[in-house]
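# Geometric and topological summary
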Amino acid sequence: MTVVLLCGIPSETPLAMVRAELVGSGTPHVTFNQRSFAEADMSYELSGGELHGYLRVGQVEHRLQDLSAAFVRLMDDRFLPELSAEPPGSALRNRCRQVHDALIRWLEIAPGRIVNRYGAMGSNGSKPYQAQLITKYGFRTPPTLVTNDPAAVLAFRRTHGRVVYKSTSGVRSIVSELTDEELARLDRVTACPTQFQAYVEGDNVRVHVVGQDVYATAVSCDALDYRYPRGSGAGPAALTAIDLPGDIAERAIELTADLGLAFAGLDLMIEGDGSVYCFEVNPSPAFSYYQQHTGQPIARSVAAYLTGVGRASA
Amino acid sequence: MWVILADRTDPTAWWAKQGLAAHGLESVELLTVEELAGATRWVHTVASDGAWFEARLPDGRVLHSEDLAGALNRIRHLPATVVAPIEPSDRDYVTQELHAFFLSWITAIHGPVLNRATPQGLGGSWRHPSEWARLAGLCGLPHRTYHSGDHLDGLPHPLAGSGPLAIVIGDRVVGDQLAADLEAGCVALARRARTPLLGIRFAWAPEGLEFVGADPVPPLEHGGDDALEALVLALRGQQ
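Residues numbered from 1 in each chain as written. Chains lettered and ligands numbered in written order. Predicted model: local features only at pLDDT ≥ 70, side-chain atom pairs only at ≥ 80, totals over all residues. Heavy atoms only, no water.

## Regarding the interface of chain B and chain A
Size of an interface, as often reported, equals the accessible area lost when the parts are brought together. Facing 41 residues of chain B, the contacting portion of chain A comprises 42 residues. Taking both partners together, chain B and chain A bury about 3,400 Å²; carbon and sulfur atoms supply 56% of that area. Run the count over chain B and chain A and you get two salt bridges. In this structure, A:Arg105 and B:Glu131 form a salt bridge, with 3.9 Å as the shortest nitrogen-oxygen distance. At the junction of chain B and chain A, the tally comes to 19 residue pairs in polar contact (both at pLDDT 80 or more). Mapped by element, the contributors of at least two residues to the side of chain B that touches chain A are β3 (41-47), α3 (88-107), α4 (129-138) and β8 (146-147) of chain B. In terms of residue count, the dominant contributor to the side of chain B that touches chain A is α3(B) (twelve residues). Of the residues contributing to the side of chain B that touches chain A, the split by class is 19 nonpolar, 16 polar and six charged. Pairing geometry for strand β8 (residues 144-147) of chain A and β3(B), over four bridges, is antiparallel. By the bridge assignment, A:Leu145 is partnered in β3(B) with B:Thr45. (Contact = heavy atoms within 4.5 Å. Buried area = accessible area lost by both parts, 1.4 Å probe. Salt bridge = Lys/Arg side-chain N within 4 Å of Asp/Glu carboxyl O. Polar contact = N/O pair within 3.5 Å; in protein donor to acceptor, adjacent residues only side chain to side chain. Helix = DSSP H or I, 4+ residues; strand = E, 2+ residues; numbered from the N terminus. Nonpolar A, V, L, I, M, F, W, Y, C, P; charged D, E, K, R; others polar. Pairing = 2+ DSSP bridges.)

## Re the layout of surface pockets
Looking at the second largest pocket, its volume works out to about 730 Å³. Along the walls of the second largest pocket sit 25 residues, with A:Tyr165, A:Arg185, A:Arg188, A:Thr194 and B:Tyr93 positioned nearest its centre. Contributing elements (two or more residues each) for the lining of the second largest pocket: β9 (163-166) and β11 (194-198) of chain A together with α3 of chain B. Here the element with the most residues in the lining of the second largest pocket is α3(B); it accounts for four residues. Grouping the constituent residues of the lining of the second largest pocket by class yields twelve nonpolar, five polar and eight charged. (1 Å grid on protein atoms, 1.4 Å probe; cavity = no way out; pocket = protein on both sides within 12 Å on 5 of 7 lines; lining within 4 Å. Points joined across faces, edges and corners; volume = space filled by probe spheres on them.)

## Considering the side chain of A:Thr27
Residue and element names in this part refer to chain A. Within the secondary structure layout, threonine 27 lies in the loop between α1 (13-25) and β2 (29-33). Separated by 2.8 Å, the side chains of threonine 27 and serine 25 make a polar contact. Dropping the residues within four chain positions of it, threonine 27 is found in contact with Thr2, Val4, Leu22 and Thr307.

Right, dumping it as structure tokens:
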């Protein structure tokens, strides 16, 4: 029997969408609401290659051996509202951490379909590292410079014209253009190597891969980073479901699988000559925004993958 | 040029520098993480056709990715001293940025690297004891029972203990002698973990030896000359 574990905050839209699909298909599921961690408990042991234990949610204890899949949308438990008034090291904070640590460790070693395991999500923590993996699958990456030398940035800008900068890691990852005004504070890069990229133009396409299923969305927006249009004064993005040309879908599936991911959101840009840039593979995509605007059944695909039926499970 | 990347307090790195040269590896340089993080100039480029880097170290040495034949990579993490001069409010951010940067430029080394940097560890994947136990079991190695409540007070060193210590280097196992089936399990574990250089600690149990832990940054001295020979072969791609 398939029992799916949902991990996160039930009102969060992507989690709620997948849960609704599971309810609609009559699939048994268990929700670990991380805000109710105080009423949860987990214990297991790994012995002789066998993993046995339980997850208690409220008054109900679930055998871990019965959980065949999990959809994970956990937020950083340190910042849960229930802990906002708790001092560091408090008993409640420690209990919260222990429950989450046990859960996260189990998700890494549990057999079954885990969407996604944390270990597989790591490549997104270094953009230039992930770019080196991405290019092995035939996608282009914009010319990128990571440097602590202001002169190298100026030379890069002379070569490429328009240049953007963004964090090298996954933290504070908002794209900004390197303008003439910004050059006045360029010496700040000497404190830490900073990432710059040649600005490339084309059509933004967000691709969601779920196992073998692919959903492509064309994104039309004047903002430099369409995820944050307000700060740039641009209007909201227009989203349209499209079919991907050529073998892009196959390459996206292969890249996602080889990163160890069952579900990913790829940020592509398709140039006029057909060449395809891949800026990023997001291992925990907020797909609901795209589904709500296009009607693409992404949550249904995720639910199908979790239950092991449909194309997504191929 | 071959390079050893390591913390400046890592005695194994200094031992390996001497030993690898004595075993015929030409031009071995030791680069400490402190020197690398303090480079006065870093230029790392990534493009559709490849990745490169150039660093000018504090002592004036210049490192070009094209000049590197390969690396023995023993960088466990970035020491706190590296970000000590940064404003406290930015320290976590800069640490993440530097980690992301190191992960990328180490990946841009074109030749053999033992071990390749991964998101889980700059010197090879660091794994929780539960993950190692799971992988060990999948590779046929008997392992201690892992309980989810273990290590609540902190994780032990992965190679803590006094039982036999094996070191996998490519296809070879050096260090303490093991039965053939355990050696095969060690090689399988290193392959499954995509960590070609791996220290593996065992402990005596009533039924025989059992897996205790594994570390991608092992004390190579434990393997002596055998370890150096295996390293030279692995770095030259002769295994």
